[in-house]
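# Summary of the model geometry
Residue strings, one per chain:
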Amino acid sequence: MSGTPDDTKPVNFTVKAPVYLQIGDAKADTAHSGVCVVDVNLPFGKPVNIEEVTFKNYYTAYVTVRLLRRNPEQEAPAKWCTAMRDLPLMDNPHTEGGSQDYYTIHRTQMQVEPDHVVCVRLILRQPSLAWLTFSLEDIKIFPHTEPDPEKEVSDWLSDLTLTDQHPDLEGLPDPQTVSSSIQQMWALTEVMQTNQTTASIGRFDVDGCYDISLLSLT
């Protein structure tokens, strides 16, 4: 469900009170307006690269995630962008399925890179009138961290067992003696190949004649 390392802590933030939208001047119950906006303000002056957003649903049918991102290389004001639109959280807005499940939105699921974020806006929708209220609970935002190449190399080296001891050669022949014997065998082979005759030797041929005692008569 989560690709975040176990030792990664969520970012500190402030959640504003949910705002239920209404159409026109209607004074109907705000819980039945069908749309709710929740702003999550990240620490001031500390934009966050987001790895994932987790939360527990409470009868919200769909959620849209918008990000207020600031370009660190420009003095321009931060801009809003849509990272995810109308993610279904319930099997059916009129039934219980998924109404109180936990969800994770990973950065790879988002339509834009969630980097340099100063605010996260969650737009909740619940078109059904069957529920008196809807929201998201236990919201957590985890930061994205790049792996440290130097740390990875250090960890790899720490797993190696370094030793200055020579290998145990007890019971093995002296390497110099073995090398000398191999050289002598090689020299002997060269001499034998040089002196090898190329004359054809017949099976019963002795000095160009046949030895009668070697022949078999049938």
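Keep in mind that this is a model prediction, so the values were computed, not measured.

### Observations regarding the nonpolar core
Grouped together as the largest cluster of nonpolar side chains are 31 residues, with contacts concentrated most on Phe55, Leu67, Val120 and Leu122. Only β3 (35-41), β4 (50-58), β5 (62-69), β6 (79-88), β7 (102-106), β8 (117-125) and β9 (135-143) provide two or more residues apiece to this core. No other element matches the four residues that β8 contributes to this core. If near-sequence neighbours (up to four positions away) are discounted, phenylalanine 55 is found in contact with Val63, Leu89, Asp101, Tyr102, Tyr103, Ile105, Leu136, Glu137, Asp138 and Ile139.

### Topic: unusual backbone geometry
In most cases, non-glycine residues show a negative phi, while peptide bonds are predominantly trans. A positive phi angle, close to 50 degrees, is found at aspartate 86, a residue other than glycine. Backbone geometry places aspartate 138, a non-glycine residue, at a positive phi of 50 degrees. Take aspartate 138: it is sitting in strand β9. The class of aspartate 138 is partly exposed, set by a relative accessible area of 41%.

### Observations concerning the pattern of salt bridges
In the structure shown here, the tally under the stated rule is three salt bridges. In this structure, the salt-bridge partner of aspartate 115 is arginine 107, at a minimum N-O distance of 3.1 Å. For the residue pair aspartate 115 and arginine 107, the accessibility class agrees, reading buried in each case.

### Focus on the sheet that holds β9
The strands that make up a sheet are held in pairs by hydrogen bonds between backbone atoms, and each pair lies either parallel or antiparallel. Read across the open sheet, the three strands follow the order β7-β4-β9; overall the sheet is antiparallel. This sheet does not close on itself; its edge strands, each paired only once, are β7 and β9. Averaged over all adjacent pairs, the angle separating strand axes in this sheet is 20 degrees, with direction ignored. As defined by bridge partners, β4 adjoins β7 across five bridges and the pair is classed as antiparallel. Its bridge partner lying in β7, phenylalanine 55 is registered against tyrosine 103.

### With respect to the packing of aromatic side chains
For the structure on display, the rule yields four aromatic pairs. Seen in terms of ring centroids, tyrosine 58 and tyrosine 59 are 4.9 Å apart; in terms of plane orientation they differ by 85 degrees. Their pairing is edge-to-face. We note arginine 121 situated over the ring of tryptophan 80; from NZ or CZ to the ring centre the distance is 4.4 Å.

Conventions we followed
Residues numbered from 1 in each chain as written. Predicted model: local features only at pLDDT ≥ 70, side-chain atom pairs only at ≥ 80, totals over all residues. Heavy atoms only, no water. Core = buried A, V, L, I, M, F, W, Y, C linked by side-chain atoms within 4.5 Å. Buried < 20%, exposed > 50% of the residue type's maximum accessible area, 1.4 Å probe, protein only. Helix = DSSP H or I, 4+ residues; strand = E, 2+ residues; numbered from the N terminus. Contact = heavy atoms within 4.5 Å. Salt bridge = Lys/Arg side-chain N within 4 Å of Asp/Glu carboxyl O. Pairing = 2+ DSSP bridges. Axes fitted to C-alpha atoms, helices over the stretch in contact; angles between N-to-C directions. Phe/Tyr/Trp six-rings, centres within 6.5 Å; stacked < 30°, edge-to-face > 60°. Lys NZ or Arg CZ within 6 Å of the ring centre and 35° of its normal.

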